[in-house]
Amino acid sequence: MDNFKDVNDSLGHQAGDSLLQIVAQRLSAGTRRNDLVARLGGDEFGLLLREPGNNSELEGFVARLLEQLQRPCELYGSRTSVGASVGIALAPRDGTDATTLLRNADIALYAAKAKGRGSFCFFDPAMALGSQRRQMLERELQRAMDEGGLSLFYQPQIVLATGAVWRFEALLRWKHPLHGNIPPAEFIPIAESSGLIVRLGEWVMQKACQDAAGWPDSIGIAVNLSPAQIVGRDLCRMVDAALTESGLPTSRLEVEIT
């Protein structure tokens, strides 16, 4: 499911449980009697289609299912809409046992999420390499955070009329000792999906404020935050702590939502 965590954080776990029931009902209504619908855990569901048809027919089925899941629903007085991302593995092409098929469907699911919410992907063997790299980067990112392997670069923002620098934007960079520079477009989504983004964002905020506190009073700092850091998080506490510890005046900090 897409956005399930946002519902849990903003409306509470009872609303999240109700949403799971609604999704289960829609999945059951959208499948045939001899298909199997199961909740695998958390916000993940699995479908076993005994007669999926050809690829074109299967694509049409999944598209209709996604459309049904994206319909708005009422949850404790709030109207909300959550969709889903789908990974597809076909037997016997992608495996002949349950473990292999589930693993490959999961790999395809990550590829679908990378494309954007509300999409689906068929498993491709090349995806396994991307999955292995993603798992490696998640482990290495955790290590880099523990061992100080991340750094901030500062990009100047200039007043065109005068040419004066009035603010710097903090840019997070990761230079891996073996793999070289890992682009933010690759490791930030991994941090978001793994939950590391909260701790990472706190470090960026603290480090940026500390560095900016030593600059001239006329120069401010802009810090980017992921939406994942905001929903259900004590953002004000985190920002206030960084400002208090660094001594940076509030007027010199700008928070930008990516």
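Structural data are supplied above this passage.
Below is a short write-up of the structure. (Residues numbered from 1 in each chain as written. Predicted model: local features only at pLDDT ≥ 70, side-chain atom pairs only at ≥ 80, totals over all residues. Heavy atoms only, no water.)

## Some words on the nonpolar core
Our working definition: As used in this record, nonpolar core signifies buried Ala, Val, Leu, Ile, Met, Phe, Trp, Tyr and Cys residues forming a set joined through side-chain atoms within 4.5 Å. Relative accessibility under 20% of the residue-type maximum defines a buried residue, over 50% an exposed one, and the middle range a partly exposed one, all with a 1.4 Å probe and only protein chains included. Comment: elements are numbered from the N terminus, with helices defined as DSSP H or I runs of at least four residues and strands as E runs of at least two. Throughout, a contact is declared for two residues whenever any of their heavy atoms are within 4.5 Å.
In terms of nonpolar packing, the biggest core is built from 33 residues, with Leu141, Leu150, Trp174, Met205, Ile221 and Leu253 touching the most fellow members. Sorting the residues of this core by element identifies helix H5 (125–147), strand S7 (150–158), strand S8 (165–176), helix H6 (184–194), helix H7 (196–212), strand S10 (220–225) and helix H8 (235–246) as the ones contributing at least two each. Of all the elements, H7 adds the most residues to this core, at eight residues. Sequence-distant contacts of tryptophan 174, defined by excluding residues within four places in its chain, comprise Leu137, Glu140, Leu141, Ala144, Gly149, Leu150, Gly180, Asn181, Ile182 and Phe187. Counting residues in each nonpolar core, the second largest holds 22 residues, with Met1, Leu27, Leu75 and Ile88 among its members.

## Topic: helix H2 (residues 13–30)
For clarity, the cut-off: Each residue after the first adds 1.5 Å to the expected span of a helix. This arc describes the spread of directions from the helix axis toward the C-beta atoms.
Here H2 spans 26 Å end to end across 18 residues, near enough to the 26 Å set by a 1.5 Å rise per residue. Those residues of H2 that fall on the buried side of the exposure criterion are Ala15, Gly16, Leu19, Leu20, Ile22, Val23, Arg26 and Leu27. One side of H2 holds all its buried residues, which, seen down the axis, span an arc of 165 degrees. Every exposed residue of H2 that faces more than 90 degrees away from the buried side is listed here: Gln14, Gln21, Gln25 and Ala29. Taken together, the buried residues of H2 touch helix H1 (4–11), strand S1 (36–41), strand S2 (44–48), helix H3 (55–69) and strand S3 (73–75).

## Let's talk about the side chain of threonine 80
With respect to the helices, strands and loops of the structure, threonine 80 is situated in strand S4 (residues 78–80). Other than its neighbours up to four places away in sequence, threonine 80 contacts Val7, Pro72, Cys73 and Leu75.

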